[in-house]
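Observations on chain architecture
What follows is the residue order along each chain.
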Amino acid sequence: MSETKKKVMFSGIQPSGDFTIGNYFGAIKNWTELQSIYECYFCIVDLHALTVPQDAAMLRKRTYECYAMLIAAGLEPEKLVLFVQSHVAAHSELSWLLNCYTYMGELSRMIQFKEKSAKQGENIRAALFDYPVLMAADILLYQAHYVPVGEDQRQHIEITRDIAMRFNNTYSPTFTIPEGHYPKTGARIMSLQEPQNKMSKSDSNVNAYITLKDKPEDILRKFKRAVTDSDDKIVYDEQNKPGISNLLQIYASARGMTIEQAQNSCGAMTYAELKMQVAEGVIETLKPIQKRYEELMKDKELLESYMRQGAERAEKVANKTLQKVQKKIGLVLRK
Ligand code: TYM
C-alpha cells in the first residue's frame with residue numbers, strides 16, 4: 001500500500017520586531033512540534049511587515065535575525081520548507097487576483113485593521129487594509145489544510161476560508177479550505193503591563209513583552225514588574241485576574257503543563273514567588289535557543305543557502321496553484 005500523503009500546514013510570522021514569548025508559545029513552539037507530522041511551509045512575511053512604516057536597513061537585518069531565530073527555536077530547514085515571502089513572487093501575484101474576489105465590507109470588519117489603523121494617524125496605507133488578502137494568498141498557494149496560529153489570527157483564517165469558498169463556488173474546486181490550528185495553552189499571551197491586551201512585539205513599552213533575545217536579568221526584572229492585582233490568590237480567572245492568569249499561562253507554557261496543573265503547583269505561592277518561578281521557566285526555555293541563535297548569526301552564508309533552498313521548494317508548489325488560478329479566471333498563460 002502506498003504511504004498516505006501528509007496533510008499540508010502553512011504559517012507565517014512578521015519580521016517587524018524581535019519575536020516575543022507570545023510568538024513563541026502561541027506559534028513557533030507549536031510549529032517545531034508539528035514539523036514532523038505535516039508537510040510544513042513556514043514563512044517570514046516581510047511583505048506583511050511593510051503594511052506599516054519600516055526602516056529599510058532594520059527590516060533587512062530583522063529578516064535575517066528572524067529566520068535564524070526560527071531555526072534556533074527548533075525548525076529544521078531540511079525537514080520543512082522555511083522561506084522568505086518576498087522570495088516567492090506568486091504571493092504578490094495571487095494576492096492581486098484574490099483582491100478581485102474580496103469585498104471592502106468584509107475587510108473593514110477586521111479587528112486587526114481597526115486596531116492597527118487607529119495607531120497610524122492620518123496616512124493609513126492601503127496595504128494595511130488589504131493585509132488579510134495577502135495572508136489568504138500565502139495560505140491558499142500551498143493548498144494548506146491547517147494553519148497553526150495564535151488566537152489573534154482567527155478572524156484572518158475565517159476570511160481566508162470565505163475567499164477560498166467563494167472562488168471555488170464561482171469556478172470549480174481550486175483551493176483546499178484551510179482550518180486554524182490553535183495551541184491548548186499559550187494561544188493568547190498577554191502584555192505584562194496591560195494584561196487585558198495581547199503581548200505584542202511592536203508595543204512601545206519594552207516592559208510589556210519579553211523577547212526571545214532578552215537576557216536573564218531583563219526577564220527577571222520584567223516579570224518582577226508585571227502588573228497583577230491587589231488580591232493574594234493564585235487562581236486562573238481571565239476576567240477578574242488577568243495578570244495572574246497570564247503568569248499562570250506562561251508558567252504552564254514554559255513547563256509543558258496544562259493551566260490546571262500550573263494552578264495546582266503554584267496555588268500556595270505568593271505573587272513574588274510565582275513571578276520568580278515564571279521567570280525561571282522562561283529563562284531555562286530560552287537558554288538553548290539563544291545559544292544556537294548566536295552561532296547561526298555568525299554564518300550568514302548558511303542562512304542564505306537555507307533561504308534559497310526554501311524559496312526554490314516553495315516556488316514549485318506556489319507556481320502550480322497560481323497557474324491553475326490564472327487559467328480558471330481567463331488569463332492567457334504565457335507560452
Ligand atoms: P505575527 O507576526 O503578528 O505573529 C506570528 C504568530 O504569533 C502569534 N502571536 C501570539 N500568540 C499568542 N500570544 C500572543 N501574544 C501572540 N502574538 C502573536 C500569532 O497569532 C501568529 O500565529 N498575520 C500574521 C502573519 C501571517 C500569517 C500568514 C500567519 C502572514 N501570512 C499566513 C498564518 C498564515 C501575523 O501578523 O503574525
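Counting restarts for each chain: residues are numbered from 1 in the order of the written sequence. pLDDT decides what is reported in this predicted model: residues at 70 or higher carry local features, side-chain atom pairs at 80 or more are listed and counted, and totals for whole chains, interfaces and linings draw on all residues regardless. Remark: hydrogens and water are excluded; side-chain values derive from all non-hydrogen atoms of the structure.

Each helix and strand in the chain was counted, giving 13 helices and 5 strands. Throughout, the radius of gyration refers to the C-alpha atoms, and the reference size of a globule is 2.2 Å times the residue count to the power 0.38. For 335 residues, the compact-globule estimate of 2.2 N^0.38 gives 20 Å, and the chain sits close to it at 21 Å. In terms of its C-alpha atoms, the chain occupies a principal-axis envelope of roughly 70 × 50 × 45 Å. The proportion of buried residues among the 335 residues of the chain is 51%. Throughout, a contact is declared for two residues whenever any of their heavy atoms are within 4.5 Å. Long-range pairs, those at least 24 residues apart, make up 76% of the contacts in the chain between residues at least 6 apart in sequence. Summed over its atoms, the accessible surface of the chain is roughly 16,500 Å², and 51% of this surface lies on carbon and sulfur atoms. When charges are counted, neither His nor the chain ends are considered; positive counts come from Lys and Arg and negative counts from Asp and Glu. Positions of charges follow a simple convention, taking NZ of Lys, CZ of Arg, CG of Asp or CD of Glu. Averaging the positions of the 44 positive and the 41 negative side-chain charges in the chain gives two centres separated by 4 Å. For the purposes of this entry, the term helix denotes a DSSP run of H or I that reaches at least four residues, the term strand denotes a run of E that reaches at least two, and both are numbered from the N terminus. Here the term buried applies to any residue with accessible area under 20% of the maximum for its type, exposed to any over 50%, and partly exposed to those in between, with areas from a 1.4 Å probe on protein chains only. Surface accessibility in these figures is a Shrake-Rupley result with a 1.4 Å probe; residues are shielded only by whichever protein chains are displayed.

Around the ligand lies a shell of 26 residues, among which Q14, Y131, D138, D152 and I189 are the nearest. In protein, a polar contact requires one atom able to donate a hydrogen and another able to accept it; more generally it is a pair of N or O atoms within 3.5 Å, and residues adjacent in sequence count only if both atoms are side-chain atoms. Within the contact set of the ligand, a nitrogen atom lies 3.0 Å away from a backbone nitrogen or oxygen of M199. Protein contact buries 97% of the 710 Å² of open area that the ligand shows by itself. Contributing elements (two or more residues each) for the shell around the ligand: strand 1 (8-13), helix 1 (21-34) and helix 7 (126-141). Here the residues of the shell around the ligand sort into 12 nonpolar, 10 polar and 4 charged. Nearness is judged by heavy atoms alone; a residue qualifies as near a molecule or strand once a single heavy atom is within 4 Å of it. As a working rule, the residues Ala, Val, Leu, Ile, Met, Phe, Trp, Tyr, Cys and Pro are called nonpolar, Asp, Glu, Lys and Arg charged, and the rest polar, with Gly in that last group.

Now for helix 13 (residues 300-329). Three or four residues apart is the spacing at which side chains of an α-helix point the same way, because the helix has 3.6 residues per turn. A helix is expected to reach a length of 1.5 Å times the quantity of its residues less one. With 30 residues, helix 13 extends 41 Å from end C-alpha to end C-alpha; this agrees with the ideal 44 Å at 1.5 Å per step. In this analysis the local bend is the angle between axes fitted, respectively, to the seven residues ending at and the seven residues starting at the residue. E315 marks the point of greatest bend in helix 13, at about 30°. Every buried residue belonging to helix 13 is among L303, S305, Y306, M307, G310, A311, A314, A318, T321, L322, V325 and Q326, and all of these are buried. The elements touched by buried residues of helix 13 are helix 3 (56-72), strand 3 (81-84), helix 4 (90-99), helix 7, helix 8 (154-170) and helix 12 (271-297).

A word on the domain arrangement of the chain. What the domain assignment reports for the chain is domain 1 (8-187 + 299-329) and domain 2 (206-294). Domain 1 and domain 2 are separated by 29 Å when their C-alpha centres are compared. Taken together, the contacts link 16 residues of domain 1 with 20 residues of domain 2. Between domain 1 and domain 2, roughly 1,600 Å² of surface is buried when both sides are summed, and carbon and sulfur atoms account for 73% of that area. For salt bridges, the criterion is a side-chain nitrogen of Lys or Arg within 4 Å of an Asp or Glu carboxyl oxygen. Between the two partners, domain 1 and domain 2, sit 2 salt bridges. A salt bridge links K213 to D18; its shortest N-O distance comes to 3.1 Å. Counting across the domain 1 and domain 2 interface gives 6 residue pairs in polar contact (both at pLDDT 80 or more). Of all the elements in the fold, those that place two or more residues in the side of domain 1 that touches domain 2 are helix 1 and helix 3. Residue contributions to the side of domain 1 that touches domain 2 peak at 5 residues, all from helix 3. Delimitation of the domains relies on an automatic or database domain assignment. When two parts are brought into contact, each loses some accessible area as probed by a 1.4 Å sphere; the total of that loss over both is the buried area.

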